[in-house]
Amino acid sequence: LGGPDPLDYVSMYRNLGNPALNVPEHWHYISFGLSDLYGDNRVHEFTGADGPSGFGFELTFRLKRETGESAPPTWPAELMQGLARYVFQSENTFCSGDHVSWHSPLDNSESRIQHMLLTEDPQMQPVQTPFGVVTFLQIVGVCTEELHAAQQWNGQGILELLRTVPVAGGPWLITDMRRGETIFEIDPHLQERVDKGIETDGSNLSGVSAKCAWDDLSRPPEDDEDSRSICIGTQPRRLSGKDTEQIRETLRRGLEINSKPVLPPINAQRQNGLNHDRAPSRKDSLESESSAAIIPHELIRTRQLESVHLKFNQESGALIPLCLRGRLLHGRHFTYKSITGDTAITFVSTGVEGAFATEEHPYAAHGPWLQILLTEEFVEKMLEDLEDLNSPEEFKLPKEYSWPEKKLKVSILPDAVFDNPLH
């Protein structure tokens, strides 16, 4: 199926499956255009045959073929176009284990399959082309409960569980839009495996794009000499390229396994291409460029804040317990990056090195990027006070939480507040 950029084509194939492996017949969709098809700098910068081709990947999707269906539905191609458009516009790449919160049936029906996980395609191996290496990432449709489990634990763990349940994907992770039960309803024992994994491993989710903002309550509103997280007038303060790069590095480091949690220094310059200094199976999902040099720490200008007010929409706020329990209590960090501006909020534990927030000054800002250091004792207190965030059906907005002794306030606000540039 030809279509407008960013994808040149989405090819559709009838796959007979593998009866011996209990893999049903299905439709197999493959994108063309996220990788470099031409090598002439028309769409992607050519970086050499040994590096990634374009963004380094193409998308695939496997949809269960319904009885009597003679032609593949076209809606998966439109879905893939939407994801590709996000990649081109944001320059954020996708990697195996990532999740995509879609909040709508993928085929615009009444299906419970409303979100996506990404994994390596079981049949299509990475390909070395004259214009670089291409991997194939398969989209896997999941229910809301499965998405939440992936956020609380990790995407790879949930994908492995889906592979064990034939009607939920099976070994080739085929999406069935008519599936009416989650894997936890099909096999309640799977929830125990997730709970144990969360307790043992924590969460591999190191950050999210979110609707968020922060205010420095220790500064008079008219004092705007330095960048603040909110918009002053109609001109939002912007993250510098160095800050943006460090945030991406922060998120990348959070995805690495068995590494000491470290916030990297701010980078002075950038180079084109993707970073390859980690295991291929744990590539990050939020960086587009890598760093080449570092500026000395003493040249980094930060502000220590006395009191801060954090603002989140309901969806972002619901992830705060995950941030605290799944990340900080395991000695890690978690970043919220605003999708409506340049605000960024990073929570760090005392076990994270390289942060500019310290135990003496737990709130510190570099431009519109805020870091908050929370001790284990305070994290436990916050988890108790934020318990109702786990029951969104009983939640009424706006909602405010306050810890006066810590000079910290958190508000959960309607989406419309963040859509207004003067929030």
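The preceding data block contains the structure.
Rules behind the numbers
Residues numbered from 1 in each chain as written. Predicted model: local features only at pLDDT ≥ 70, side-chain atom pairs only at ≥ 80, totals over all residues. Heavy atoms only, no water. Patch = residues over 30% accessible without salt bridge, like charges linked within 9 Å, V, L, I, M, F, W, Y side chains within 5 Å. Areas by Shrake-Rupley, 256 points an atom, 1.4 Å probe, with all protein chains shown as cover. Salt bridge = Lys/Arg side-chain N within 4 Å of Asp/Glu carboxyl O. Lys, Arg positive; Asp, Glu negative; His and termini not counted. Charge placed at Lys NZ, Arg CZ, Asp CG, Glu CD. Helix = DSSP H or I, 4+ residues; strand = E, 2+ residues; numbered from the N terminus. Buried < 20%, exposed > 50% of the residue type's maximum accessible area, 1.4 Å probe, protein only. Phe/Tyr/Trp six-rings, centres within 6.5 Å; stacked < 30°, edge-to-face > 60°. Lys NZ or Arg CZ within 6 Å of the ring centre and 35° of its normal. 1 Å grid on protein atoms, 1.4 Å probe; cavity = no way out; pocket = protein on both sides within 12 Å on 5 of 7 lines; lining within 4 Å. Points joined across faces, edges and corners; volume = space filled by probe spheres on them. Nonpolar A, V, L, I, M, F, W, Y, C, P; charged D, E, K, R; others polar.

1. A word on a negative patch on the surface
Step number 1: Together, Glu376, Glu380, Glu384 and Glu387 line one region of the surface with negative charge.
Step number 2: Here Glu380 shows up in helix α9 (residues 376-385).
Step number 3: Classification of Glu380 as partly exposed rests on a relative accessible area of 38%.

2. Describing the packing of aromatic side chains
Step number 1: Scanning the model with the defined rule gives 11 aromatic pairs in all.
Step number 2: Ring geometry for Tyr29 and Phe61: centres 6.1 Å apart, planes at 50 degrees, overall tilted. Separated by 32 residues along the polypeptide, Tyr29 in strand β2 (residues 26-32) and Phe61 in strand β3 (residues 52-64) bring together distant segments of the chain. Phe61 carries the same exposure label as Tyr29, and that label is buried.
Step number 3: Between Phe46 and Phe131 the ring centres are 6.0 Å apart and the planes differ by 90 degrees, which places this aromatic pair in the edge-to-face class. Of this pair, Phe46 sits in the loop between β2 and β3 while Phe131 sits in the loop between β6 (127-129) and β7 (132-142), and the two are 85 residues apart along the sequence.
Step number 4: Overall, the relative accessible area of 35% leaves Phe46 in the partly exposed class.
Step number 5: Phe131 sits in the partly exposed class, given a relative accessible area of 23%.
Step number 6: An aromatic cluster is defined as three or more aromatic residues linked by ring pairs; in this entry it consists of Phe312, Phe334, Tyr336 and Phe347.
Step number 7: In this arrangement the basic side chain of Lys406 is found over the ring face of Phe378, its NZ or CZ atom lying 5.3 Å from the centre.

3. Observations regarding empty space enclosed by the protein
Step number 1: Going through the model one piece at a time under the given rule, you end up with 1 cavity of 30 Å³ or more.
Step number 2: By volume, the largest cavity amounts to about 30 Å³.
Step number 3: Tallied by class, the residues present in the lining of the largest cavity amount to 8 nonpolar, no polar and no charged.

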